[in-house]
Amino acid sequence: MKIFARMLPLLVVITMLGMQSCKTEQPTDLTKESLIPKPVSVTATGESFSLKGANILVGEALKDILGNYLAAELSTATGLNPAVITTPETEPSGTINLVVEEGDASLGTEGYELTITTEGITISANQPAGAFYGIQTLLQLIPLKADESGDYKIATGTIRDYPTWSWRGSMLDVARHFFSVEDVKRYIDLISRYKMNIMHLHLTDDQGWRIEIKSWPNLALHGGATQVGGGKGGYYTQEQYKELVAYAGARFITIIPEIDLPSHINAALASYGELNSPDTKFPKEGNYVGPLETKGIGEGKDKPTDLYAGREVGWSTLSFSKPTTMKFVSDVIRELAEITPGPYFHVGGDEAHVTKKEDYIEFINQFNGIVKANGMKMIGWEEIAQANIDSNAIAQHWASEDHAKEAAAKGAKIIMSPSKRVYLDMKYDSLSRIGYNWAAYIEVDDAYNWDPATRVPGINKDQILGVEAPLWGETLQNMTDIEYLLFPRLPGIAEIGWTPAADRSWDEYKVRLGHHGPRMKALGIDFYPSAKVPWVE
Ligand code: TNX
């Protein structure tokens, strides 16, 4: 009892300290906020804006895509329900004003200015995309928890911001394992939070054809029926694809459809035997799905191959000289072009190990013509440098600097996807539970510490469009697997795409990333808690 009495004052102090630390701090210094990607410039004015009772003012035309989007996000994040209004109120109380009109040219088409005062918030941009990115910044400034009065305070000041690169993307391979429309939407949603603007869908490969083509129905019906490991597979109807395009479009993300040609094509060869070439070398070791007696056969003339559920690459090829092959390619490109508003069509072109070189070159030349005739621009993996490409094509660099340099020398623009840095299907280290390591182990700092402009000596900044992080699907089964490999590397790659290289450093970035741990958790992201990052609890 005596001891207790003596300790009482101490207990009181401890309890008070505890209460003190439970109090949420009021953010007043905008420059201290952990934003990813890091903005171009931030100035603080030392006070705070109160979100409680705020409403959103936006022009009628952008009410849905910007106003309602922001309102829904604020409501999910805070439980507050801001009204969305299109005419200013006479006595505005804490208005978040979204202003899209041509003004400050230095912000470009994707930049924005975010001004926060004690009275209100203004996001202004030349184009809706810029305002959307301003909204993403604002969302990252909202505290994860309410203060004692149920309010959310935001530090005041001004952020002026615009991207370094126009191409900031990620690719998901839905061919090796199929992912549902809901999964792809979540993927799109997550990358949009880091201001990425490109979603590349690898729609076809040896193991599966994932998009309905009405004039060649077996492609999806038969060619989509399995996946790596022999599971059920699946495909998107054209209606579902349109739904994905619209969902991405509402987040200012362009969908890039990829039909991988002339190799990585077994799913089509299994569906239509007339497309098959005698050069196809169905792997003798592997995981076949089909009548056992034909195990991997179909190497004969015009015979459909078996479906394939293994992981070998580069062994299948379209038949070169047949008119039906080019009819197939034209039909597929035409049908997909009709439902793809974006200007790009990806024809793959990688790892055509069994396609004769002269056939390969002619194939790519012809694909280029077909894509152009459909009013689109051809993208291919860097191997397309071997064909007669020019400034009408885009090459995606992944492994060979020589191919990338050749493509640039021919006038093609380059997308940087160096496999040693941004192949997100690579393991973090030898303990990673899924992933490959043929290119490298890629820890979070490896994925961050590089610059597209200097990556390939001899390719200049003005020849580069930007950066894209592919996620190949051989080792992925579900959304948890996707998130484990994407996060936390993807936010760093988004920052490479957005923030000037001179303003980036791993030592400073890792602290901001550490502060995003709780934010990623709040979004339900199942990220890899890399020991390289000082995570905040
Ligand atoms: C290489 S990169 C591939 C893909 C595989 C990937 C696995 C490229 C253009 N082709 O077919 O899925 O490696 O990491």
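Residues numbered from 1 in each chain as written. Predicted model: local features only at pLDDT ≥ 70, side-chain atom pairs only at ≥ 80, totals over all residues. Heavy atoms only, no water.

1. Considerations on helix α10 (residues 401-409)
What counts, and what does not: The rule is simple: take the accessible area with a 1.4 Å probe, protein chains only, and divide by the maximum for that residue type; under 20% is buried, over 50% is exposed, in between is partly exposed. Helix and strand assignments come from DSSP, with helices taken as H or I runs of at least 4 residues and strands as E runs of at least 2, each series counted from the N terminus. The arc in question is the one traced by the directions running from the helix axis out to the C-beta atoms.
Burial in α10 covers these residues: His403, Ala404, Ala407 and Ala408. Buried residues of α10 fall within an arc of 135 degrees about the axis and therefore sit on the same side. In α10, those exposed residues whose orientation departs by more than 90 degrees from the buried face are Asp402 and Ala409.

2. Some words on the site of the ligand
Counted only if it meets this: One heavy atom suffices: a residue is near a molecule or strand as soon as one of its heavy atoms comes within 4 Å of it. Here a polar contact is recorded for every N or O atom pair within 3.5 Å, except that within protein the pair must consist of a potential hydrogen donor and a potential acceptor, and residues adjacent in sequence are included only if both atoms are side-chain atoms. Only the protein chains shown count as cover for residues, and the accessible areas themselves come from Shrake-Rupley with a 1.4 Å probe.
As a matter of local geometry, the ligand sits amid 14 residues, with Arg176, Tyr423, Asp425, Trp438 and Glu474 nearest to it. Taking Asp425, its side chain carries an N or O atom lying 2.6 Å from an oxygen atom of the ligand. For the ligand, an oxygen atom lies 2.7 Å from a polar atom in the side chain of Trp438. Notes on the ligand: free accessible area 360 Å², of which the protein chains cover 98%.

3. Observations concerning the packing of helix α4 (residues 181-192) against helix α14 (residues 479-486)
Let me state the cut-off plainly: The angle between two axes is taken between their N-to-C directions and runs from 0 to 180 degrees, where each axis is a line fitted to C-alpha atoms and a helix contributes only its stretch in contact. Roughly parallel covers angles under 35 degrees, roughly antiparallel covers those over 145, roughly perpendicular covers 65 to 115, and oblique covers all other angles. Should the near helix be turned anticlockwise from the far one by less than a right angle, the crossing is left-handed, and should it be turned clockwise, the crossing is right-handed. Contacts are assigned to residue pairs that have any heavy atoms within 4.5 Å of one another. When residue character is reported, Ala, Val, Leu, Ile, Met, Phe, Trp, Tyr, Cys and Pro are called nonpolar, Asp, Glu, Lys and Arg charged, and the others, Gly included, polar.
Two elements in contact, α4 and α14, have axes whose closest approach is 11 Å; the angle formed by their N-to-C orientations is 20 degrees. Taken as axis vectors, α4 and α14 run roughly parallel relative to one another. The chirality of how α4 crosses α14 is right-handed. Touching Asp183, Arg186, Tyr187 and Leu190 of α4 are Met479, Ile482, Glu483 and Leu486, all from α14. Tallied by class, the residues present in the contact of α4 with α14 amount to five nonpolar, no polar and three charged.

4. Looking at the pattern of salt bridges
Here is the rule: By definition, a salt bridge exists where a carboxyl oxygen of Asp or Glu is found within 4 Å of a side-chain nitrogen of Lys or Arg.
Tallying each qualifying case throughout the model produces 27 salt bridges. We note a salt bridge from Asp205 to Arg176, for which the minimum N-O separation is 3.3 Å. Placement of the pair is Asp205 in strand β10 (residues 204-205) and Arg176 in the loop between β8 (167-173) and α4, with a sequence separation of 29 residues. In this structure, Glu474 and Arg176 form a salt bridge, with 3.5 Å as the shortest nitrogen-oxygen distance. Taken as a pair, Glu474 in the loop between β19 (464-471) and α14 and Arg176 in the loop between β8 and α4 lie far apart in primary sequence, 298 residues in all. An identical accessibility class is assigned to Glu474 and Arg176; each is buried.

5. Some words on the packing of aromatic side chains
The geometry of an aromatic ring pair is captured by two quantities: the separation of the ring centres and the angle between the planes. In plain terms, the rule: Between rings of Phe, Tyr and Trp, where Trp is taken as its six-membered ring, a pair exists when centres lie within 6.5 Å; planes separated by under 30 degrees are stacked, by over 60 edge-to-face, and by other angles tilted. The rule for a charge over a ring is simple: NZ of Lys or CZ of Arg within 6 Å of the ring centre, and within 35 degrees of the ring normal.
Counted by the stated rule, this structure contains 27 aromatic pairs. Aromatic side chains Phe132 and Tyr133 sit 6.0 Å apart centroid to centroid with 70 degrees between the ring planes, which places their arrangement in the edge-to-face category. Using a relative accessible area of 0% as the deciding quantity, one classes Tyr133 as buried. Three or more aromatic residues joined by ring pairs form one cluster here, namely Tyr69, Phe132, Tyr133, Phe252 and Trp498. Taking NZ or CZ as reference, Arg433 lies 4.6 Å from the ring centre of Tyr484, over its face.

6. Some details on the sheet that holds strand β7 (residues 153-161)
Which entries qualify depends on this criterion: Pairing between strands requires that DSSP locate at least two bridges from one strand to the other.
Across the sheet, seven strands lie side by side as β1-β7-β5-β6-β4-β2-β3; this open sheet has mixed pairing. Two strands lie at the open edges of the sheet, namely β1 (41-50) and β3 (84-85), each paired on one side alone. Strand direction decides the pairing type here: β1 and β7, joined by seven bridges, are antiparallel. In the strand pairing of β7, Ser41 is matched with Arg160. Together, β4 (95-100), β5 (112-116), β6 (121-125) and β7 form the strand contacts of helix α3 (residues 128-141), whose direction differs from that of β5 by roughly 40 degrees.

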